[in-house]
Amino acid sequence: MSTISTHDAPTPLALVVRTVAIDDPGDLLRLLPSTSPTAWVRRGDGLVAWGEAARVEVGTATDAQTAWEALVERAVVRDEVGLPGTGPVAFGSFAFDDASPAGGVLVVPSVLVGRRDGQAWLTTVGTGLSAPPTLVADPEPVRAPGAVRYRTGALDPQTWAARVAEAVAAIRAGAAEKIVLARDVLARTAEPLDVRWALGRLAERYDSCWTFSVDGLIGATPELLVRLERGLVTSRVLAGTVQRTGDDDADLARAAILAHSSKDLEEHEYAVRSVAQALAPFCSSTNVPDVPFVLSLPNVLHLASDITGVASAEAGGSLGLAAALHPSAAVCGTPTTDALTLIRRLEQMDRGRYAGPVGWTGASGDGEWGIALRSAHVDPSDPHEVRLFAGCGVVAASDPTAELTESEAKLDPMRYALTDS
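Residues numbered from 1 in each chain as written. Predicted model: local features only at pLDDT ≥ 70, side-chain atom pairs only at ≥ 80, totals over all residues. Heavy atoms only, no water.

*Asks:* Is there a simple way to explain the overall build of the protein in this structure?
*Replies:* Across its full length, the protein carries eight helices and 24 strands. The C-alpha atoms of the protein give 21 Å as radius of gyration, which agrees with the globular expectation for 421 residues (22 Å, within 12%). Considered along the principal axes of its C-alpha atoms, the protein spans approximately 60 × 50 × 45 Å. The 421 residues of the protein split such that 55% are buried. Once local pairs closer than 6 in sequence are excluded, the contacts in the protein between residues at least 24 apart make up 75%. Counting only carbon and sulfur atoms, one obtains 51% of the accessible surface of the protein, whose full area is about 16,700 Å². Side-chain charges in the protein split into 35 positive and 53 negative, and the spacing between the mean points of these groups amounts to 2 Å. (Helix = DSSP H or I, 4+ residues; strand = E, 2+ residues; numbered from the N terminus. Rg over C-alpha atoms; globule rule 2.2 N^0.38 Å. Buried < 20%, exposed > 50% of the residue type's maximum accessible area, 1.4 Å probe, protein only. Contact = heavy atoms within 4.5 Å. Areas by Shrake-Rupley, 256 points an atom, 1.4 Å probe, with all protein chains shown as cover. Lys, Arg positive; Asp, Glu negative; His and termini not counted. Charge placed at Lys NZ, Arg CZ, Asp CG, Glu CD.)

Laid out in C-alpha cells, this is it:
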C-alpha cells in the first residue's frame, strides 16, 4: 500500500488499474469482507470496495484534490467499461471543521465492484511491485451486534436543549441568521460491530438515501452535497424537518404543514441560497427551484430542493466542488463564519467527520459527495464503541423542545442500524 501525507509528500508508487465487465453480482453489500468494508450504494446500485492500494491523509478536501490528481497522473489504467465509477476511484471522508484534528482521507481500494443501470464491473488496483488482487469469493457471515447500551455524549439532552435556547437568543440578537447544532450519543455493542450488519439494515430501510462506509464512518445520508457526471452538476439540499407519526393520513397532513411552515421555509431558503451562491462560479448556468418539495423518509419528512447546473471550465472535479460547497447553511448555518463561531462555543465537542463531505471521485473528476448526516463513527481501537450523530437547524423561530424531539428522530436510523432484530 502507498500512503501519502500532504505534509511530507513522498513520491507514491504508480497505481496499476484495470476495470473489466462482469456478470451481475447480486446484492453488492453481500460481497464485502468484514475487515474495512467500503461502500457507497443507493437503491441497489453503486460501489463497494475493500483493501487499500493507496491512502492519502490530508487536512482538507482541497488538499485531497491536489493529491488525487498526482495519483491519477501516475496511474497505468486499462478501463474496458468506461462509466462513472470505473477506472481509478478514491473514497473520501473529511472533517466538518477545517480546524478539526480529524482531518480527511482518500482511500484507493485494492478491489472495487460497481453496478449502474444493469452494467456491473470489477476494478483491481495494484502497484508496480505487487500483483493485482482478486475478488473475495466467499466472505465470512455477517455478525449481529447483540445488545446495545446507550449513554450520553458531549451534552445530556436537557443541556443540549438549553444550548438551542442560547442559539435562538444569539440569532435574535443578530449573531447569525441560522446555525446547525449537532448532538452525539455513545453506543456500546455486546459484540464487536460488524459494519456490514449496519450497512445492510440502512440500505434496506433507507433505500432512497446514499448508504456509505468510509474509513470507519458509516451512515445513510439523504443529502447529496454534489454530483458531477459528464459535465452536469447536481446538489440535493435538505433543510426543514418534521418527525413522522407512522400514520399515513397524519403524515400527509404534516407534510402539508411543513410545506407552508414559515420557520422551515426560512431555514430551507438559507440552505438553498448558500449552495446556489457557492456553485455559481463553477457553472455556466444553474437551475434553482422556486419552491421545495417534501422528501419522505421512514423517520422524518424534509423540505428538499434539487439544484442543477452545467459545469464550466473552472469547475475542476467533484472533489473540488465538494470543497467549495462545504460547509453549506444546511450543516453549518449562515453567515458561515458567524455560525461556525457559535457552533464551536455551544456544542463543546469536536464533530470529527460528522456533517463533513463523504463519497467518491473518479479519474475524470466525476463523482458523488454526500453530507455525513445520520451517521456514526466506529472507534478504530474498540469496535464495540460507536458514536452516533444528529443535527438540527436553528433559526430565530426555533423551539428548543421541538428541536430536541427532532434530533431524537434523526438518531433513529443509526439506532435502527445497530438493532439486533
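*Asks:* Looking at this structure, I do not really get the side chain of Ser213. What am I missing?
*Replies:* Within the secondary structure, Ser213 sits in strand β13 (residues 210-214). A relative accessible area of 2% places Ser213 in the buried class. In this structure the side chain of Ser213 is engaged in a polar contact, spanning 2.7 Å, whose partner is the backbone oxygen of Pro37. (Polar contact = N/O pair within 3.5 Å; in protein donor to acceptor, adjacent residues only side chain to side chain.)

*Asks:* What is the right way to look at the packing of helix α3 (residues 195-205) against helix α8 (residues 400-418) in this model?
*Replies:* For any two helices packed against each other, the geometry is given by the interaxial angle and the distance between the axes. The geometry of α3 relative to α8 is characterised by a closest axis approach of 8 Å and an angle of 125° between their N-to-C directions. Classified by the interaxial angle, the pair formed by α3 and α8 is oblique. As for how α3 packs across α8, the hand of that crossing is right-handed. Here Trp197, Ala198, Arg201, Leu202 and Arg205 of α3 come into contact with α8, specifically with Pro413, Met414, Tyr416, Ala417 and Leu418. Of the residues that constitute the contact of α3 with α8, the class distribution is eight nonpolar, no polar and two charged. (Axes fitted to C-alpha atoms, helices over the stretch in contact; angles between N-to-C directions. Parallel < 35°, antiparallel > 145°, perpendicular 65-115°, else oblique. Left-handed = near helix turned anticlockwise from the far one by under 90°. Nonpolar A, V, L, I, M, F, W, Y, C, P; charged D, E, K, R; others polar.)

*Asks:* Help me out: how do you make sense of the pairing of strand β3 (residues 38-42) in this one?
*Replies:* Sheet faces and side chains relate simply in a regular strand, where the side chains alternate between the two faces. Within β3, four of the five residues are buried, leaving the element largely enclosed by the surrounding structure. Taking the residues between adjacent antiparallel strands as the criterion, β3 and strand β4 (residues 45-50) are bridged by two residues, where Arg43 takes a positive phi near 50°. In this structure, β3 lies alongside β13, joined through three bridges in antiparallel fashion. Residue pairing for β13: Trp40 is matched across the bridge by Phe212. (Pairing = 2+ DSSP bridges.)

*Asks:* Would you explain the packing of helix α2 (residues 157-172) against helix α7 (residues 336-347) in this entry?
*Replies:* At a minimum axis distance of 10 Å, the contact between α2 and α7 shows a crossing angle of 150°. As the angle between them shows, α2 and α7 are arranged roughly antiparallel. When the axes of α2 and α7 are compared, the crossing they make is right-handed. Residues Arg163, Glu166, Ala167 and Ala170 of α2 form the contact with α7, whose own contacting residues are Leu342, Arg345 and Leu346.

*Asks:* Just checking my understanding: could you explain unusual backbone geometry for this structure?
*Replies:* Negative phi values dominate among residues other than glycine, just as trans dominates among peptide bonds. The omega angle of the peptide bond from His326 to Pro327 is -5°, so this bond is cis rather than trans. Residue placement: Pro327 occurs in the loop between α6 (318-325) and β20 (333-334). Geometrically, the link from Thr334 to Pro335 is a cis peptide bond, its omega value of -15° lying close to zero. Structurally, Pro335 is set in the loop between β20 and α7.

*Asks:* Quick question: what am I supposed to make of the nonpolar core here?
*Replies:* General note: in soluble globular proteins, nonpolar side chains tend to be found buried as a group. Within the largest apolar cluster, 69 residues are counted, with the highest numbers of intra-cluster contacts made by Leu15, Phe94, Leu106, Val108, Ile179, Leu181 and Val394. Among the elements that take part in this core, α2 stands out by supplying seven residues, more than any other. One finds Trp50, Val185, Val195 and Cys209 within the second-largest nonpolar core, a separate group that totals 35 residues. (Core = buried A, V, L, I, M, F, W, Y, C linked by side-chain atoms within 4.5 Å.)

*Asks:* I'm lost on the pattern of salt bridges in this one. Help?
*Replies:* Side chains that carry opposite charge are capable of pairing whenever their charged atoms lie near each other. Tallying each qualifying case throughout the model produces 32 salt bridges. For the salt bridge of Asp306 with Arg236, the shortest nitrogen-to-oxygen distance reads 2.8 Å. Note that Asp306 is positioned in strand β19 (residues 300-311) and Arg236 in strand β16 (residues 232-243), a separation of 70 residues in sequence. Given the relative accessible area of 26%, Asp306 is considered partly exposed. Arg236 gets classed as buried once you look at its relative accessible area, which sits at 15%. Between Asp264 and Lys263 there is a salt bridge whose closest N-O contact spans 3.7 Å. Taken as a pair, Asp264 and Lys263 share a single burial class, namely buried. Salt bridges sharing common partners tie together Glu52, Arg55, Glu57, Asp215 and Arg353. (Salt bridge = Lys/Arg side-chain N within 4 Å of Asp/Glu carboxyl O.)

*Asks:* For this particular structure, what's the right way to read the environment of Thr124?
*Replies:* Within the secondary structure, Thr124 sits in strand β10 (residues 119-127). Here Thr124 falls in the buried class, since its relative accessible area comes to 13%. For the pair formed by Thr124 and Pro109, sequence separation is 15 residues and the distance between their alpha carbons is 8.1 Å.

*Asks:* Where do I start with the packing of aromatic side chains in this structure?
*Replies:* To describe a pair of aromatic rings, you give the distance between the ring centres and the angle between the ring planes. For the coordinates displayed, the defined rule picks out two aromatic pairs. A centroid spacing of 5.9 Å and a plane angle of 45° characterise the contact between Phe94 and Trp369, whose relative ring orientation is tilted. Of the two residues, Phe94 is situated in strand β7 (residues 89-94) and Trp369 in strand β22 (residues 367-371); the sequence distance between them amounts to 275 residues. We note that Phe94, like Trp369, is buried. The ring of Tyr416 carries Arg201 above its face, with NZ or CZ at 4.0 Å from the centroid. Lying across the ring of Tyr150, Arg415 places its NZ or CZ 5.5 Å from the centre. (Phe/Tyr/Trp six-rings, centres within 6.5 Å; stacked < 30°, edge-to-face > 60°. Lys NZ or Arg CZ within 6 Å of the ring centre and 35° of its normal.)

*Asks:* Explain helix α4 (residues 248-259) here, please?
*Replies:* For an α-helix the count is 3.6 residues per turn, leaving residues at separations of three or four pointing the same way. If you check α4, its first and last C-alpha atoms are 16 Å apart, about what twelve residues at 1.5 Å a residue would give, namely 16 Å. Listed as buried for α4 are Asp251, Ala255 and Leu258. Buried residues of α4, seen end-on, are gathered within an arc of 65° and therefore sit on one face of the element. In α4, the exposed positions angled more than 90 degrees off the buried face are occupied by Asp249, Leu252 and Ile257. Buried residues along α4 sit in contact with β16, α5 (262-279), β18 (293-296) and β19. Where α4 begins, one side-chain oxygen reaches toward the backbone nitrogen of Asp249, 3.2 Å away; that side chain belongs to Asp247. (Expected span 1.5 Å × (residues − 1). Arc of directions from axis to C-beta.)

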